[in-house]
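So the chains spell out like this:
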Amino acid sequence: MQLRERFVRTLTGQDVDRVPFIKVFGGDNAIVPRWEQEQPGVGTHIDRWLRFEGPYRGWQQPGVNMELSSVEPPRVLEDSPERILERRGDGALVMRQKHADYAHQTLEWPVKDRSDWERIKERYLRADDPTRFPADWEQRVERFRQRDYPLQLTHCGVYGFARNLMGDQALAYAFYDDPALVHDIMNSYGDLAMAIWERMLARVDFDLIECWEDMAFTSGALVSPATYREFMAPQYRRLRTFADAHDIRIILVDSDGYIEALTPLMLEAGVTALYPFEVQSGNDVGHMLDLYPGLGAIGGLDKRVMARDEAAIDAEMERARALIRKGRFIPGPDHFVLSDVSYASYRYFMERLREVVMSTQPGA
């Protein structure tokens, strides 16, 4: 059984010989910078050294631009030893710290009113912009047709796309003060995504739709159930209809934070799987799998144990084994590791996880 089949069958509750061993967060898509000093060559060879299955997170993105396109290059306003401040072409003012784990902060958002949105929609939201597809698209198509790994259609999020234009606070007000604007943003992006996907599906088949949302924080969701059902749920039902028409069984949502209250709302609107179930935010993925038997889950393992000791990692591996046995679960770190984790500790975590994956019967 290939990785592609294991991935889909695991998350949809079908029998598998074992679950995939994938990085989810880490590996060659995000290593801690100091690891290169600890283990020269790690940035190039880590996936082969640790025997991860599949590219990118274990499933692959096709490399087609699903965000704003043909945006003018940013202008650097400040470049100091501590930070870079730049004005992006869409109007956002962004600050990046040079020495921090989470270093990106938007100080001004591109959409402050309807005129900003109309400008962006007209200039940067064209589905037929030829720059959306990479120059080597034809070569990628041939590789994708021969693949043994899952491939996603990328969605920048129903809530996620709107919040990246307006920011969480302004969007929260707009749900009440200008709901027509929010609906227009969400509908327009949905139209864009499906128009681009149709072109892609004419050449390649896909295994999942992944939506980036980050619709929660440590203490819970950023929207009420009523707001979700009014604004987000109709878009997810559109996605479910589209997925069914193209025989795509998985709609996967990426949301950080405490997502227990969001989970039933997502499921009722057609989502089938969620990740990463951050432990430090209070998520208990085992409880969620018990509560919602149709839920697929990825991640769920506490990344913080890597900064402790091997005993803490071993204990987390026993939890991983129990979670795999519940079914519909693919284990992995619940987010990117921080700079307090050594390469040796990350390697131990992943080597132990591989042992667990290879020796545990899923759904038993």
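Residues numbered from 1 in each chain as written. Predicted model: local features only at pLDDT ≥ 70, side-chain atom pairs only at ≥ 80, totals over all residues. Heavy atoms only, no water.

Visitor: Explain the packing of aromatic side chains to me, please; I cannot follow it from the model alone.
Guide: Counted by the stated rule, this structure contains 13 aromatic pairs. Taking 5.3 Å as the distance between ring centres and 25° as the angle between the ring planes, the aromatic pair formed by Phe21 and Phe52 counts as stacked. Of the two residues, Phe21 sits in the loop between helix 1 (3–11) and helix 2 (35–38) while Phe52 sits in the loop between helix 3 (42–50) and strand 1 (75–79), which places them 31 residues apart along the sequence. Each member of the pair, Phe21 together with Phe52, is buried. Look at Phe133 and Trp137: their rings are 5.2 Å apart centre to centre, the planes differ by 75°, and that puts the pair in the edge-to-face class. Assigned by exposure class, Phe133 and Trp137 land together as buried. (Phe/Tyr/Trp six-rings, centres within 6.5 Å; stacked < 30°, edge-to-face > 60°. Helix = DSSP H or I, 4+ residues; strand = E, 2+ residues; numbered from the N terminus. Buried < 20%, exposed > 50% of the residue type's maximum accessible area, 1.4 Å probe, protein only.)

Visitor: Sorry, what's going on with unusual backbone geometry here?
Guide: If a residue is not glycine, its phi is most likely negative; likewise, a peptide bond is most likely trans. A cis amide bond, omega 10°, links Tyr275 with the succeeding residue Pro276. Note that Pro276 resides in the loop between strand 10 (273–275) and helix 11 (285–291).

Visitor: I tried to follow the nonpolar core on my own but got confused; where do I start?
Guide: In a soluble, globular protein the nonpolar side chains are often hidden away together inside. Phe7, Trp197, Tyr228, Met232, Tyr236 and Tyr346 are the most contacted members of the largest nonpolar core, which has 111 residues in total. With 12 residues, the single largest contributor to this core is helix 8 (residues 179–201). Leave out the neighbours within four places in its chain, and Tyr236 touches Val158, Cys211, Glu213, Tyr228, Val253, Met266, Ala269 and Val271. (Core = buried A, V, L, I, M, F, W, Y, C linked by side-chain atoms within 4.5 Å. Contact = heavy atoms within 4.5 Å.)

Visitor: It is not clear to me how helix 3 should be interpreted in this structure. Could you clarify?
Guide: Note that an α-helix has 3.6 residues per turn; residues three or four places apart therefore point the same way. Those residues of helix 3 lying buried are Val42, Ile46, Asp47 and Leu50. Angularly, the buried residues of helix 3 cover 130° about the axis, an arc narrow enough to put them on a single face. Every exposed residue of helix 3 that faces more than 90 degrees away from the buried side is listed here: Thr44 and Arg48. Turning to helix 3, the residues buried within the fold contact helix 2 and helix 13 (343–359). Backbone geometry just downstream of helix 3 places Arg51 in the positive-phi region, at approximately 60°. (Arc of directions from axis to C-beta.)

Visitor: Even after reading the chapter, I still don't get the pattern of salt bridges, so can you show me in this structure?
Guide: Two side chains that carry opposite charge are able to pair once their charged atoms sit near each other. Enumeration according to the criterion identifies 34 salt bridges in this entry. When the shortest N-O distance is used, the salt bridge between Lys23 and Asp47 registers 2.3 Å. Here Lys23, found in the loop between helix 1 and helix 2, pairs with Asp47, found in helix 3; they are 24 residues apart in sequence, far enough to count as distant. Accessibility assignment for this pair places Lys23 and Asp47 in one class, buried. In this structure, Asp79 and Lys98 form a salt bridge, with 2.6 Å as the shortest nitrogen-oxygen distance. With Asp79 in strand 1 and Lys98 in the loop between strand 3 (93–97) and strand 4 (104–108), this residue pair connects regions lying 19 residues apart in the sequence. Note on Asp79: relative accessible area 54%, which makes it exposed. Bridged by salt links that share partners, the residues Arg114, Glu118, Lys121, Asp178 and Asp184 form one connected network. (Salt bridge = Lys/Arg side-chain N within 4 Å of Asp/Glu carboxyl O.)

Visitor: Help me understand the sheet that holds strand 11 (residues 296–301) in this model?
Guide: Think of a sheet as strands paired side by side through backbone hydrogen bonds, with each pair either parallel or antiparallel. Spatial strand order, 5-6-9-10-11-12: 6 strands in an open sheet with parallel pairing. This sheet does not close on itself; its edge strands, each paired only once, are strand 5 (152–155) and strand 12 (329–333). On average, each strand axis in the sheet is inclined to that of its neighbour by 25°, with strand direction left out of account. Judged from the 2 bridges that link them, strand 10 and strand 11 form a sheet pairing that is parallel. Bridging from a neighbouring strand, Leu274 pairs with Ala297 of strand 11. (Pairing = 2+ DSSP bridges. Axes fitted to C-alpha atoms, helices over the stretch in contact; angles between N-to-C directions.)

Visitor: Hey, could you run me through the environment of Val8 in this one?
Guide: Locating Val8 in the fold gives a position in helix 1. With sequence-adjacent residues up to four places away left out, Val8 is seen in contact with Asp207 and Ile250.

Visitor: What is the right way to read the packing of helix 6 (residues 158–166) against helix 7 (residues 168–177) from this model?
Guide: Between two packed helices, what matters for the description is the angle formed by their axes and the separation of those axes. At their nearest, the axes of helix 6 and helix 7 sit 7 Å apart, and the two run at 115° to each other. Judged on the interaxial angle alone, helix 7 and helix 6 are roughly perpendicular. The element helix 6 and its partner helix 7 pack so that their crossing is right-handed. Residues Tyr159, Ala162, Arg163 and Met166 of helix 6 pack against Asp168, Ala170, Leu171, Ala174 and Phe175 of helix 7. Here the residues of the contact of helix 6 with helix 7 sort into 7 nonpolar, no polar and 2 charged. (Parallel < 35°, antiparallel > 145°, perpendicular 65-115°, else oblique. Left-handed = near helix turned anticlockwise from the far one by under 90°. Nonpolar A, V, L, I, M, F, W, Y, C, P; charged D, E, K, R; others polar.)

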